[in-house]
Each structure stands twice: as C-alpha cells, then as structure tokens.
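Survey of secondary and tertiary structure
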Amino acid sequence: MNEIFKRISVRKFEDRPVEDGKLTQIMKAAMAAPSAGNQQPWEYYIVRDREVIKKLSECSPYAGCAANAPVVIVPCLRTEGLTFPRIGQIDLSITTENILLEITSLGLGGVWLAVMPEEDRVQKVDAALGIGEKLHAFALVPVGYPAEDRPQEDRYDETRIHYIG
Ligand SMILES: Cc1cc2nc3c(=O)[nH]c(=O)nc-3n(C[C@H](O)[C@H](O)[C@H](O)COP(=O)(O)O)c2cc1C
C-alpha cells in the first residue's frame, strides 16, 4: 500500500481549510479499522474552532504544532460497555493510524500527538472538549494541507526480522 511508504509526520500546514468531503472520507477510513470483538470503542471530535484548537495545542509540551492546523481530529475512547476494555487503547491506535494513512492518500498531512495514557493530558483535552465521563480523549491529529515535505525515513532493518522455520 503506497500510503504506508509515503506517510510522514506533518507539523506545518498551509492556511487553507480542509473540505468537508475529505473529512467524511477520513472518518470512513477511521471507522473501517478492526477492533477487539468488533467493539468499536471510538468516537471522534472534529475541531475547527480556533479557541478550542489553541487549548488542545496546550495540552502537552509536544502538541504545539496543533495550533496552526485548520482542523484537529480527536479520536476518543468510550470507557463503558466494552467487551474487552483493556484492549480499548489498542483499538484506538489502529483507528488513529487509519486516519493518518487516509490523510496521506488525500494529499493532506497530519501527525499523531499523544494524549493517552498521560492522565494530565487526557484531563486537559477532555475539559477543552467538554467530555470526560464515559468518553476520553485518546490522541490529537492536526490535519491540513502540508507546508512541509520530505521523503519518508527508510527504517527497514533486516536484523529485526527473526525467522523460525
Ligand atoms: C503513539 C505516538 C505518539 C506521538 N506523539 C507525538 C507528540 O506528542 N508530538 C509530536 O510532535 N509527535 C508525536 N508523534 C510523532 C512521532 O514523533 C513520529 O511518528 C516519529 O518521529 C517518526 O516520524 P514520521 O512519523 O515522520 O515517520 C507520535 C507518534 C506516535 C506513533
């Protein structure tokens, strides 16, 4: 899959909005992810409000780049009614990677900014979104048209592969 080998973390964005149709396509890709027992423990906030985006960018020392994105997607983890609650964060990781790959395929850029499992970041993002009882922020994904480009780093390392048989 070509996008896997093109995806890079983009932290600088053009001052240009992301079309609604593209956001819908990103959400379709997000929800196409597999999950444990098909529990689909996800909800997504799509944030375009500048004040809320500013608050999100201040939720961790490593989230500053969100401030200049036209949109920030916040995949969130439902914490009630799950068949496999301990696997919830793994499910959210997969949907977040799907978002990054779909963004790449649409000519957009973005980056995964860690929220979970850091409790203080979760609390700050939950507060900015007005959630937090049964739903918690998992990560931030600022999205926009890239204002930076570079080839993906080649991390292929044969010595990490161990054949048995
Ligand atoms: C779970 C996870 C958490 C990350 N958190 C941050 C973060 O908080 N801030 C940031 O700038 N980048 C973050 N990144 C992006 C990584 O720094 C980036 O993926 C890594 O340096 C490799 O670069 P590449 O994505 O361009 O291949 C995160 C990536 C992952 C997968």
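Refer to the preceding data block for the structure.
A few points on the structure. Because the structure is predicted, anything quoted here is derived from the model rather than measured.

Lining the immediate environment of the ligand, one finds Arg7, Ile8, Ser9, Arg11, Tyr62, Val111, Trp112, Leu113, Ala114, Arg150 and Arg155. In the model, an oxygen atom of the ligand is placed 2.5 Å from a nitrogen or oxygen of the Ser9 side chain. For the ligand, whose accessible area on its own is 620 Å², the fraction buried by protein is 61%. Grouping the constituent residues of the shell around the ligand by class yields six nonpolar, one polar and four charged.

As a further point, take the side chain of Arg7. Tracing the chain through its elements places Arg7 in the segment before helix 1 (20–31). Although Arg7 is buried, it forms no salt bridge, and the closest oppositely charged side chain is Glu97 at an N-O distance of 4.5 Å. When sequence neighbours within four positions are dropped, the list of residues in contact with Arg7 reads Glu97, Leu100, Leu101, Thr104, Gln152 and Arg155.

Attention now goes to the packing of helix 2 (residues 50–57) against helix 4 (residues 119–129). Angle between the axes and distance between the axes: these two values describe a pair of packed helices. The geometry of helix 2 relative to helix 4 is characterised by a closest axis approach of 9 Å and an angle of 175 degrees between their N-to-C directions. Comparing their axes, helix 4 and helix 2 come out roughly antiparallel. On helix 4, the residues that touch Val52, Lys55 and Leu56 of helix 2 are Val125, Ala128 and Leu129. Of the residues assigned to the contact of helix 2 with helix 4, the class counts are five nonpolar, no polar and one charged.

So, on to the layout of surface pockets. Estimated volume of the largest pocket: approximately 180 Å³. Lining the largest pocket are 14 residues, and of these Lys6, Ile8, Thr104, Leu108 and Pro146 lie nearest its centre. Broken down by secondary-structure element, the contributors of at least two residues to the lining of the largest pocket are helix 3 (88–105) and strand 3 (109–110).

On the surface, Met1, Ile4 and Phe5 cluster together into a nonpolar patch covering about 350 Å² of accessible area. Within the secondary structure, Ile4 sits in the segment before helix 1.

With that settled, consider the state of the cysteines. Simply put, the disulfide is a covalent bond whose two ends are the sulfur atoms of two cysteines. This model, assessed by the stated rule, comprises zero disulfides. With no disulfide partner, Cys76 has as its closest neighbouring cysteine sulfur the one in Cys59, 12 Å distant. A relative accessible area of 0% places Cys76 in the buried class.

Across all of its chains, the model carries eight salt bridges by this definition. Of the charged contacts in the structure, one is a salt bridge between Glu14 and Arg16, with a shortest N-O distance of 3.4 Å. Exposure remark for Glu14: the relative accessible area of 34% places this residue in the partly exposed category. For Asp157, the salt bridge identified is with Arg160, shortest N-O distance 3.5 Å. Take Asp157: its relative accessible area is 29%, and that puts it in the partly exposed class.

What follows concerns helix 4. All buried positions along helix 4 are accounted for by Arg121, Val122, Val125, Asp126, Ala128 and Leu129. Projected onto a plane normal to the axis of helix 4, the buried residues spread over an arc of 160 degrees and lie on a single side. Relative to its buried face, helix 4 has exposed residues pointing more than 90 degrees away, namely Glu119, Gln123 and Ala127. Buried residues in helix 4 make contact with strand 1 (42–47), helix 2, strand 2 (71–78), strand 4 (113–114), strand 5 (135–137) and strand 6 (139–144). In the segment just after helix 4, Gly130 is the residue with positive phi, at about 75 degrees.

Thresholds applied
Residues numbered from 1 in each chain as written. Predicted model: local features only at pLDDT ≥ 70, side-chain atom pairs only at ≥ 80, totals over all residues. Heavy atoms only, no water. Near = heavy atom within 4 Å. Polar contact = N/O pair within 3.5 Å; in protein donor to acceptor, adjacent residues only side chain to side chain. Areas by Shrake-Rupley, 256 points an atom, 1.4 Å probe, with all protein chains shown as cover. Nonpolar A, V, L, I, M, F, W, Y, C, P; charged D, E, K, R; others polar. Helix = DSSP H or I, 4+ residues; strand = E, 2+ residues; numbered from the N terminus. Buried < 20%, exposed > 50% of the residue type's maximum accessible area, 1.4 Å probe, protein only. Lys, Arg positive; Asp, Glu negative; His and termini not counted. Salt bridge = Lys/Arg side-chain N within 4 Å of Asp/Glu carboxyl O. Contact = heavy atoms within 4.5 Å. Axes fitted to C-alpha atoms, helices over the stretch in contact; angles between N-to-C directions. Parallel < 35°, antiparallel > 145°, perpendicular 65-115°, else oblique. 1 Å grid on protein atoms, 1.4 Å probe; cavity = no way out; pocket = protein on both sides within 12 Å on 5 of 7 lines; lining within 4 Å. Points joined across faces, edges and corners; volume = space filled by probe spheres on them. Patch = residues over 30% accessible without salt bridge, like charges linked within 9 Å, V, L, I, M, F, W, Y side chains within 5 Å. Disulfide = S-S within 2.5 Å. Arc of directions from axis to C-beta.

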